[in-house]
Each structure stands twice: as C-alpha cells, then as structure tokens.
Amino acid sequence: MSIESTESTAERYERLLPEITPENKPYWDGLAQNELRLQCCDECGEYRFPESEVCPRCLSASFSWRAVSGKGRLWSWIRMHQRYLSAFDEVSPYLVAYVKLDEGPPVISTLVDEPDELAFDVPVRAVFQPGFSERPILKFAVEHPDPAA
Ligand SMILES: [Zn+2]
C-alpha cells in the first residue's frame, strides 16, 4: 500500500505548504487576517516577496512588514494539465497565474472565479482562501469594473 492511498487530499496539500518560521510568520499572520503583508526595505523602500534577510536591491538588512493594497495586474498565466503533484489531482487542470503587485513584487498564485477569457494586464486583487487545508492561501480575483462608477 502506498502512502498516498492513505492520505487525504488535504493532508497531501498541507505537506506542500511552507513551514511557518519566525522569518515568514508575519506574512502568514497577515493572510489569516485577510491582509497581504510584505517586507519593505527601510533604506530604499523596495517591497519584496518572498521574504529574505536582505533587500535584493540595496542589500540592506533593515526592513519593516507592511500591509499592501493586494492589487496587481495579471502578467501571465498557464493552465497546468500535467499532474506532477497528487495534491492537485482533484483540481487538474488548474490555472497558474503570475501577478505583478502594484507595489512591485511578482507573485505566482492562481485565480478564483476565473472568467471565461483572460487578458494580459487585467487588474486583479488579492483574496484569502483556504486551499484544501484550513490555512489561508493568497489567491487573486479579476477586478470587474464597477457598473455604477
Ligand atoms: Zn533596499
């Protein structure tokens, strides 16, 4: 009997999530409060993701965690048909979205409520949803223009 046959989808998915460490805990705490928090360099103001000890732009080790808008634009996407990970068997094929946050950093994620057609540069906003586990995951939704505006 294989290990996979005794594990639930949630258990397989949970194993794929990064371990919560003192370094990334502010990010995960933010998601749990429906907030996207990124490290911001205290020297040059560059936002970065994922977390790192020093600023990739100026190498300063001084930073603050700041809540950001959660807004960005769809820069690229693919539809993943190949089943590399059994945790995704139930959702294959699935969309992998490359989002450029308004604050600068790129994030690889997915879209919820995927529209029939996707287009380069459409505005998106962060949403915070559990995957198969209870832990909130950063995903994005396409922003629809407000018809009343
Ligand atoms: Zn910097």
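Residues numbered from 1 in each chain as written. Predicted model: local features only at pLDDT ≥ 70, side-chain atom pairs only at ≥ 80, totals over all residues.

Looking at an unreviewed UniProt entry, one finds the protein chain named OB-fold domain-containing protein and attributed to Actinomadura meridiana.

1. Description of the sheet that holds strand β9 (residues 136–142)
Reading across from one edge, β6-β5-β4-β8-β9-β7 is the order of the six strands in this open sheet, with mixed pairing throughout. Edge positions in the sheet fall to β6 (106–109) and β7 (111–112), since each of these pairs with one other strand and no more. Of the pairings in the sheet, the one linking strand β5 (residues 94–101) to β6 comprises four bridges and is antiparallel in character. Bridging across to β6, V99 finds its partner in V107. (Pairing = 2+ DSSP bridges. Helix = DSSP H or I, 4+ residues; strand = E, 2+ residues; numbered from the N terminus.)

2. Remarks on the UniProt feature "domain: ChsH2 C-terminal OB-fold" (unreviewed entry) in the protein chain
What UniProt calls "domain: ChsH2 C-terminal OB-fold" (unreviewed entry) maps, in this numbering, to residues 65–129. Along residues 65–129 the backbone is 0% helical and 52% strand, and the end-to-end C-alpha distance reaches 21 Å. (UniProt positions renumbered as here; feature names shortened; annotations may be inferred.)

3. Comments concerning the environment of W77
Following the sequence through the fold, W77 ends up in strand β4 (residues 71–80). Judged by C-beta crowding, with 18 C-beta atoms within 10 Å, W77 ranks as partly exposed. C-alpha of W77 to C-alpha of D42: the two residues are 35 residues apart in sequence and 32 Å apart in space. Each residue touching W77, except ones within four places of it in the same chain, is listed here: L95, V96, A97, Y98 and L118. (Buried ≥ 20, exposed ≤ 12 C-beta atoms within 10 Å, placed from the backbone. Contact = placed C-beta atoms within 7 Å.)

4. Some remarks on the sheet that holds strand β3 (residues 63–67)
Strand order in this open sheet of three strands is β2-β1-β3, and the pairing throughout is antiparallel. At either margin of the open sheet sits one strand with a lone partner, and together these are β2 (47–48) and β3. Pairing geometry for strand β1 (residues 37–41) and β3, over five bridges, is antiparallel. When the sheet's bridge partners are listed, R37 is paired in β3 with A67.

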